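Topology and contacts: notes
Single-letter residue listing:
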Amino acid sequence: MPAEFFVHRHIYGKWACKCCQTLTQQPAEPQIIDKGLPAAGLLAHTLVARYVDHLPYYRQELINTRSGVHTPRSTLAAWAGAAAGALAPLYEAQRAFVRSARVLHADETPVRLLNPGAGKTARAYVWAYARGEHDDTAGVVYEFCRGRGSKYPADFLAEWRGTLTCDDYGGYNVVFQYEGRIEAGCLAHARRKFDELAKAKASAVGQLAIERIARLYRVEAQAKEMDAAQRLVHRQQHAAPLWDELHAWMRTERVRVADGSAIAAALDYSLRRWAALGRFLRDGAVSIDNNHLENLMRPWAMGRKAWLFAGSELAGQRAAMVMSLVQSARLHGHDPWVYLRDVLERLLAHPYRRIDELLPHRWTPAA
């Protein structure tokens, strides 16, 4: 049976007293949109269609019209904005939860932001932070920011201490200026530079480097289900010797190639970041690369191809709120629509001091 719309009808009692001439009416249940038409299920459906299925509002409008319901795209945008605004306290709790991890991943990706006065779009960025790949409790949070400057990760991680897995972008340097913060590099980024050489058949060095790095990934695959202590022992026994051999081989090859060449650039990248790239050999909770978070950035890449740009900075921020919650829900195996519908129904009456109970990693459906 195809999906269909239906109307909830709520009847509230009203009583009049003949003696005191007063009128008493049963209070209405609170709604996300006061006196609005959409119930929690329709609001959740609109958010999931936009941020999980990547359907622009004009496509949702056409789909709803086929079911006999006219929902202009401006109305859908207003509904989504109101629902995302109601989720703001939950988003703040999710931010705190992600920052409570000792090991984090960080990355950023560009998105387009509408600039109405200029009649064009400008470049903005979504910054993402996820709990460690090997963390027992997964979680991710996104931030919509106007730029790519170092102030954004510095603000988000102001009180945080631990190990941060990231790429070589200079914006992260300010994070590691404070005591108690350790940098972990991404071996996948180093590998890509050799992969480009191998695909272009520019040098045998590229293919040899990929083969050596592949041995490290095979060792890492064997340790995937281990705990941090066991993983560290396994890496020290099997990966550390391969890592030392790779280092010695790269240094030897670097002497043989000319400065300024693509081969030299690939080797220099790895040798310059050798300590950060090898952090996984000193901490079993640290990943060998940043692929865990890069996979969590894919919904943004898919979304910007569909809805093209954020209509305003506020719209971008609210998109980041919803994406943080639905992607975290998916990490824990929850159906995004079921999760959002239940949360939106319970949120208004839920005590703020117990807001953590509605976070994806702690959420259980209402009885």
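Quick caveat, the model's predicted, so the values are computed rather than measured. (Residues numbered from 1 in each chain as written. Predicted model: local features only at pLDDT ≥ 70, side-chain atom pairs only at ≥ 80, totals over all residues. Heavy atoms only, no water.)

Next up on the list: the overall build of the protein. If you tally the helices and strands in the protein, you get 14 helices and seven strands. For the C-alpha atoms alone, the extent of the protein along its principal axes is close to 100 × 45 × 45 Å. For the protein, buried positions account for 47% of its 367 residues. Intrachain contacts of the protein at a sequence separation of at least 6 include 61% that bridge at least 24 residues. Side chains of the protein carry 48 positive and 38 negative charges; the gap between the two charge centres is 5 Å. (Helix = DSSP H or I, 4+ residues; strand = E, 2+ residues; numbered from the N terminus. Buried < 20%, exposed > 50% of the residue type's maximum accessible area, 1.4 Å probe, protein only. Contact = heavy atoms within 4.5 Å. Lys, Arg positive; Asp, Glu negative; His and termini not counted. Charge placed at Lys NZ, Arg CZ, Asp CG, Glu CD.)

Owing to its 3.6 residues per turn, the α-helix brings residues three or four apart onto one side. Spanning 19 residues, helix α13 (residues 313-331) covers 27 Å between terminal C-alpha atoms, matching the ideal 27 Å at 1.5 Å per step. Of all the residues in α13, the buried ones are G316, A319, A320, M321, V322, M323, S324, L325, V326, Q327, S328 and A329. Those residues of α13 hidden inside the fold are in contact with α1 (40-51), α3 (73-86), α4 (88-99), β5 (140-145), α12 (298-307) and α14 (336-347). A positive backbone phi angle near 80 degrees is found at G333, which sits one or two residues after α13. (Expected span 1.5 Å × (residues − 1).)

Turning to the side chain of R254, a few remarks are in order. Here R254 is to be found in helix α8 (residues 228-256). Residue R254 is classed as buried on the basis of its relative accessible area of 17%. Beyond its immediate sequence surroundings of up to four residues, R254 is in contact with D259, A264, L267, D268 and L271.

This part is about the sheet that holds strand β7 (residues 181-184). Adjacent strands of a sheet form backbone hydrogen bonds with each other and so pair up, either parallel or antiparallel. Taken together, five strands build an open sheet; the order of strands is β5-β4-β3-β6-β7 and the sheet is mixed. A single partner strand is all that each edge strand has here, and the edge strands are β5 and β7. The mean inter-strand angle of the sheet, taken between neighbouring strand axes irrespective of direction, is 30 degrees. Pairing geometry for strand β3 (residues 103-115) and strand β4 (residues 120-131), over 12 bridges, is antiparallel. Counted as the bridge partner of E108 is W127 from β4. Against the sheet, α4 makes contact with β3, β4 and β5, and its axis sits at roughly 115 degrees relative to β5, the strand it touches most. Against the sheet, α12 makes contact with β3, β4 and β5, and its axis sits at roughly 10 degrees relative to β3, the strand it touches most. (Pairing = 2+ DSSP bridges. Axes fitted to C-alpha atoms, helices over the stretch in contact; angles between N-to-C directions.)

With that settled, consider a nonpolar patch on the surface. Side chains of L114, L308 and F309 sit close together on the surface and give an oily, nonpolar patch of about 240 Å² of accessible area. Among the structural elements, F309 can be located in the loop between α12 and α13. Given a relative accessible area of 31%, F309 falls into the partly exposed group. (Patch = residues over 30% accessible without salt bridge, like charges linked within 9 Å, V, L, I, M, F, W, Y side chains within 5 Å. Areas by Shrake-Rupley, 256 points an atom, 1.4 Å probe, with all protein chains shown as cover. Salt bridge = Lys/Arg side-chain N within 4 Å of Asp/Glu carboxyl O.)

Here we come to unusual backbone geometry. At Q21, a position not held by glycine, the phi torsion is positive, near 55 degrees. Within the secondary structure, Q21 is located in the loop between β1 (14-17) and β2 (22-25). The exposure class assigned to Q21 is exposed, which follows from its relative accessible area of 65%. Unlike most non-glycine residues, H54 shows phi in positive territory, near 60 degrees. Relative to the assigned elements, H54 resides in the loop between α1 and α2 (57-66). A relative accessible area of 10% places H54 in the buried class.

Attention now goes to α2. When we look at burial in α2, the residues that qualify are Y57, Q60, E61 and N64. Projected down its long axis, α2 shows its buried positions confined to an angular sector of 105 degrees, all on one face. For α2, the exposed residues set more than 90 degrees away from the buried face come down to L62 and R66. Buried residues along α2 sit in contact with α1 and α3. Immediately beyond the C-terminal end of α2, within one or two residues, lies G68, with a positive phi of roughly 85 degrees. (Arc of directions from axis to C-beta.)

As a further point, take the packing of helix α6 (residues 187-200) against helix α9 (residues 262-272). Where α6 meets α9, the closest approach of the two axes is 9 Å, and the angle between their N-to-C directions is 165 degrees. As the angle between them shows, α6 and α9 are arranged roughly antiparallel. In terms of crossing hand, the pair formed by α6 and α9 is left-handed. Residues H189, A190, K193, F194 and L197 of α6 pack against A262, I263, A266, L267, Y269 and S270 of α9. Residue composition of the contact of α6 with α9, by class: eight nonpolar, two polar and one charged. (Parallel < 35°, antiparallel > 145°, perpendicular 65-115°, else oblique. Left-handed = near helix turned anticlockwise from the far one by under 90°. Nonpolar A, V, L, I, M, F, W, Y, C, P; charged D, E, K, R; others polar.)

Looking now at the pairing of β5. The element β5 is largely enclosed, with a buried count of six among its six residues. Burial along β5 is two-sided: V140, Y142 and F144 and V141, E143 and C145, pointing in opposite directions, are all buried. When β4 meets β5, the two strands line up antiparallel, connected through six bridges. Paired with A128 across the bridge in β5 is Y142.

Moving on, we get to the environment of R304. Within the secondary structure, R304 sits in helix α12. Exposure remark for R304: the relative accessible area of 26% places this residue in the partly exposed category. Here the alpha-carbon distance between R304 and P56, two residues 248 residues apart in the chain, equals 9.9 Å. Setting aside its immediate chain neighbours within four residues, R304 contacts T109 and P110. Within polar-contact distance, the side chain of R304 engages the side chain of T109 at 2.7 Å. Of the polar contacts made by the side chain of R304, one reaches the backbone oxygen of P110; its length is 2.6 Å. (Polar contact = N/O pair within 3.5 Å; in protein donor to acceptor, adjacent residues only side chain to side chain.)

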